[in-house]
Each structure stands twice: as structure tokens, then as C-alpha cells.
Amino acid sequence: MADKVRVRFAPSPTGFLHLGGARTSLFNWVFARKSNGTFILRIEDTDAARSNEESVRAILEGLSWLGLCWDEGPVVSGPHEPYFQSERRPIYHQYARRLLQKRLAYQCYCSPEELAQRKEESLAHGDNWRYDRRCLSLAEENREVLARDRKPVLRFLVPDGETSLVDMLRGTVTFQNTELDDFVIEKSDGFPTYNFACVVDDVLMGITHVIRGDDHLSNTPRQVLLYQALDFPVPRFAHIPMILGKDKTRLSKRHGSPSLADYRDKGYLPEAMFNYLARLSWASGEEEQEIFSREEIIDRFSLDRVARHAAVFDLDKLNWMNGYYIREADEERLTDLLLSILKREGIKPPGDQPDDWRKYCRQVVRAMKPRIHYVAQIVEDGRYFFEETVDYDPPVFRKVLLEPGARERLEKSRERISELENVTIESLESVVRSLSEEQGVAAAKFIHPLRVATSGKKGGPGLFEMLEILGKDRILIRIARAIEQILTAKLSEEGGASLSL
Ligand code: GLU
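Residues numbered from 1 in each chain as written. Predicted model: local features only at pLDDT ≥ 70, side-chain atom pairs only at ≥ 80, totals over all residues. Heavy atoms only, no water.

Caption draft 1: The arrangement of the state of the cysteines in detail. Going through the model one piece at a time under the given rule, you end up with 0 disulfides. In this structure C135 is not part of a disulfide, and its nearest cysteine sulfur, from C110, lies 3.7 Å away. (Disulfide = S-S within 2.5 Å.)

Encoded structure:
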């Protein structure tokens, strides 16, 4: 019977959780769930200078947010503890010794400065630089002298020949061993290098399939040689393509953020992110379908439907997809997200009644839900719901509020609205309808100035819905302020005109 599938996500905690890392993790998770296997999280923190706790937290939070719960790893523990590589040094050391004893590895005392100098000389001669094996056959007495003030690194003795591996996406890939160099497996401070620790752990943790980014493809032949040298079984490999921006360059802020947490903080929904990341490089076979539930993805996923070419991150498509999930989402959940975004932005409730504030925010959510891509857009586009003063965009102000008759119509509207006992969608609509009939002008002649006066914007949710949320007092204050500004602008225009006469 085939081994039970065991896969792992093995991030180095040296920064935020990148969309590429999140997708690698997602493919591993889906693969494990589909094959009733085990998904392991291992933190590769052997680079002490670059690893930090904040980054570990970002990884754990990011995966949990996406719903990629791990079966073994930090917090949940498991039979192969510890899951932090920095706590497993004696284990790697023991295997490094084994290679040393088998003469498949050797101590190297060359300092970084010496290596740099020899590399420079070799390049100056037009030769390719590879470690020149100076320490491979070091006489014992020389070694003793060197060992007095230097700590050696351990290098793997790369055999002659070539190394092949079978990649589940690419088929057989072959590397010439001359390209591989006698790479370091243990540094002079006793820490293992990535390639070595990764192989030891993948074996000890029983990993059957290594699914990772194709930026690691060039490491894999080195790892295959290590498996062979240690008499370990070689797992299966799948190197999945990188995620690039639309211009085919490395994903950066210019393409939208590369950090998963930024999307969470802006109010993207995890189910949308899950769907979007899954569809990056994976073809479901249903070319017309974009929206997939988690279960559908698990059900249909297979590694041979993962493309080999780079995936292109498309923020517009993500926005479209998230908009879809927002429209499906429960108002209370979106209100919770809005409340946390407002808090983070320092926007406070006007009074001390949390229930009223929540109710108010829920109304704003209801009005904005059909037209947003992510929850923070409610604040970006609808600041007027949360701030007392409305800012006018000068061209909009000129076009709509300085139009002849706009001020008079605002005055009329203000008068009628002030007489209303209940400011509701219906009562506001009937005010505008009767005014437009009385004056024989289109309702739009009232609607546009009213919208700009109360929100500063040309577009947004339905005007009456928006005004009902703002409430009578704010409507009246804002219209009065707009009228004042129209008068000031007209006066200064006239003043300017007379001066120029
Ligand atoms: N620590 C490596 C990284 O974050 C893991 C690579 C692997 O999955 O083997 O890129």
C-alpha cells in the first residue's frame, strides 16, 4: 500500500507572509486534505540573524486566517517535535557527523576572505568559480594549526556525474554535478544550512511529497544527493511556479501588496483569498467557472493541472472575486470588519453608545455593500459617513454647486427637509419629487446638488438611502454649509471679475 501522504509548508520567518508562500501552503493543504493525508508546518529559522518572532506570528495568523490549519507543527504540536529548526540543532549535527565519518563530507577551514580572493582570481582568468577543494586533502598537522584559531564549516563532497529528479509538473530534470559545488551543510557556528536541515527534517518527519516554489528547483539536486548519501528514500517533488506582477516582474507594492496580511487588514475575505490563490496557476478543468468553494477545490484539485509557467497576479480580478464574496457575506460579519477598520483608522463613535454606533455602521454596510471590492473601501469612498466636515473636490463643486439655480434649489430642499417629522427614504423622495414638479425641472436638478452638498461626491449609494443614514441634523447642517460656500465662491468670483475690469 502506498505511504500515507505527508506534506509540509516550511517557511523561513524572515518577513511578512508573502502571497507566494500563502499559495504554496494552500496547495500543500489542499493536496493533504484531498488525499486524507497530513499537513505539517515547520518553521525554518536557522538563520538567526534574519528570523524573528513577529514573522512567526504573521505566518501562524496568516495560515489560520485562510483556514489552512496544520495537523502537526507549532501550537498544535505532534510526534516530531520540535517544529522549529532552531531547536533541532543536535539532530542535524548528528547526521552531519555521519556524513563526515563516511567521508562524504569534509571540514573546510577557508575563511570567507580567502574564498573571495580565490574566486576573484579565478574569475579574472575567465574560469568559473567553484570551491577548489583545498581542504579536502588537508594534512593532519596543517589541520591542527588551522583549528587553533578557526572553526571549520562542513562541506558535502559532491560526487562526479549528474543528478536527476522527477518533478511532478516537469517530468525528469537533470543537473550536471559540476554545477553544484561542494556546498556547505554545517556552518562554522554549528548551524545547519537550509539544504541540509531541510533534507534531515523531511526524512525524519516522513514527508512523502515536497511541494514548494520553483525558486527552489536549483536546490533540489543538492538535496537529492544528500538523501542518497544518507541512504534515505527520496520524496516526490512538485515545484510550483512563482507569482509575478502583470509586467512579469517580481510581485511588489506596485502590483498591489505582496503581503497576505495587508489584504486581511483591508477587509478582503478569507474565502475569496482562498479561491483566488487556488486559481493562480491551477486550472480546474471548468474554464468558465471562477468561483469555487473550499470543498470544490479540494474535490477537483490535482497537481497535474498546475501550470508550469509563472502565475500573474491580477488585482482587478481579486477585487472582482472579493466583491462577489462580499455580496454573499452576512451584514453582521461585514459590520465587525468595518468596526475594526474604523478603530484602526482612529475613527471613533460620536457618542458613548456602542449599540447605536454598531447599528449606524450596519446601515452604512448595507448601503455600500453592493458597490465595494473590500471593506476598507467603505471608509475610502464613504468618509462622509464618518467625518463631520465634507470636503469638496473643486471641479465637482464648480460643476454641480456653482451651476445657476443650484443654490436656490438647495435652499428650497433644506426648507422642506427641515419641516419633515421623519426623515426616511420615502419622505425625502417625496420632497424631491414635489419640488421638481412645482418648479417644472427634472428631479436630477435637485438630486445632484443635494448629493454633492451632503457627501462631497458625485457618486455613491442611492441618495435617499444615504441621506436617511446621515440623519436630519447632518443633512441640514451640510446643506447650510454648502450654501455658505457657494455664496463665498460667487462673491470672490464677482470680486475677481470687477477687479479685472
Ligand atoms: N525555508 C524555505 C523557504 O522559506 C523552504 C523551502 C522548502 O519548502 O523546502 O523558502
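Caption draft 2: Main features of the site of the ligand. Inspection of the region around the ligand gives R8, A10, P11, S12, E44, Y194, C198, R212 and H216 as its neighbouring residues. A distance of 2.8 Å separates a nitrogen atom of the ligand from a polar side-chain atom of S12. Side-chain polar atom of E44 to a nitrogen atom of the ligand: 2.6 Å apart, as the coordinates give it. Isolated, the ligand exposes 300 Å² of accessible area, and the fraction of that covered by the protein chains is 81%. (Near = heavy atom within 4 Å. Polar contact = N/O pair within 3.5 Å; in protein donor to acceptor, adjacent residues only side chain to side chain. Areas by Shrake-Rupley, 256 points an atom, 1.4 Å probe, with all protein chains shown as cover.)

Caption draft 3: Just the packing of aromatic side chains, in detail. Evaluated as defined, the whole model comprises 18 aromatic pairs. Look at Y263 and Y268: their rings are 5.1 Å apart centre to centre, the planes differ by 80°, and that puts the pair in the edge-to-face class. Judged by relative accessible area, Y263 falls into the buried class, the value being 3%. The exposure class assigned to Y268 is buried, which follows from its relative accessible area of 4%. Over the aromatic face of F191 sits the side chain of R89, whose NZ or CZ is 4.0 Å from the ring centroid. Note that R294 overlies the ring of F274, its terminal NZ or CZ placed 4.0 Å from the centroid. (Phe/Tyr/Trp six-rings, centres within 6.5 Å; stacked < 30°, edge-to-face > 60°. Buried < 20%, exposed > 50% of the residue type's maximum accessible area, 1.4 Å probe, protein only. Lys NZ or Arg CZ within 6 Å of the ring centre and 35° of its normal.)

Caption draft 4: Representation of the sheet that holds strand β7 (residues 184-186). Spatially, 3 strands are ordered β3-β4-β7 in an open sheet, and the strand pairing comes out antiparallel. At either end of the open sheet lies a strand with only one pairing partner, and these are β3 (105-108) and β7. If you compare each strand with its neighbour and ignore which way they point, the axes differ by 45° on average. With 2 bridges joining them, strand β4 (residues 153-156) and β7 adopt antiparallel strand pairing. Among the inter-strand pairings, R155 is bridged to a residue of β7, identified as V184. (Pairing = 2+ DSSP bridges. Helix = DSSP H or I, 4+ residues; strand = E, 2+ residues; numbered from the N terminus. Axes fitted to C-alpha atoms, helices over the stretch in contact; angles between N-to-C directions.)

Caption draft 5: Structural context of the side chain of S436. For S436, the location among the structural elements is in helix α17 (residues 425-439). Look at S436 and you get buried, because its relative accessible area is 10%. In this structure, S436 is in contact with V441, A442, A443 and F446, ignoring residues within four places of it in sequence. (Contact = heavy atoms within 4.5 Å.)

Caption draft 6: Expanded view of unusual backbone geometry. The omega angle of the peptide bond from E81 to P82 is -10°, so this bond is cis rather than trans. Along the polypeptide, P82 turns up in the loop between α2 (53-66) and α3 (89-101). In this structure, D181 is a non-glycine residue whose phi angle is positive, near 70°. Looking at the element boundaries, D181 is found in the loop between β6 (171-176) and β7. Backbone geometry at S281 places phi at a positive 80°, although glycine is not the residue there. Among the structural elements, S281 can be located in the loop between α9 (270-279) and α10 (294-300).

Caption draft 7: Representation of the nonpolar core. One finds F385 and F386 to be the most contacted residues of the largest nonpolar core, which totals 110 residues. At 8 residues, helix α1 (residues 19-34) tops the list of elements feeding residues into this core. (Core = buried A, V, L, I, M, F, W, Y, C linked by side-chain atoms within 4.5 Å.)

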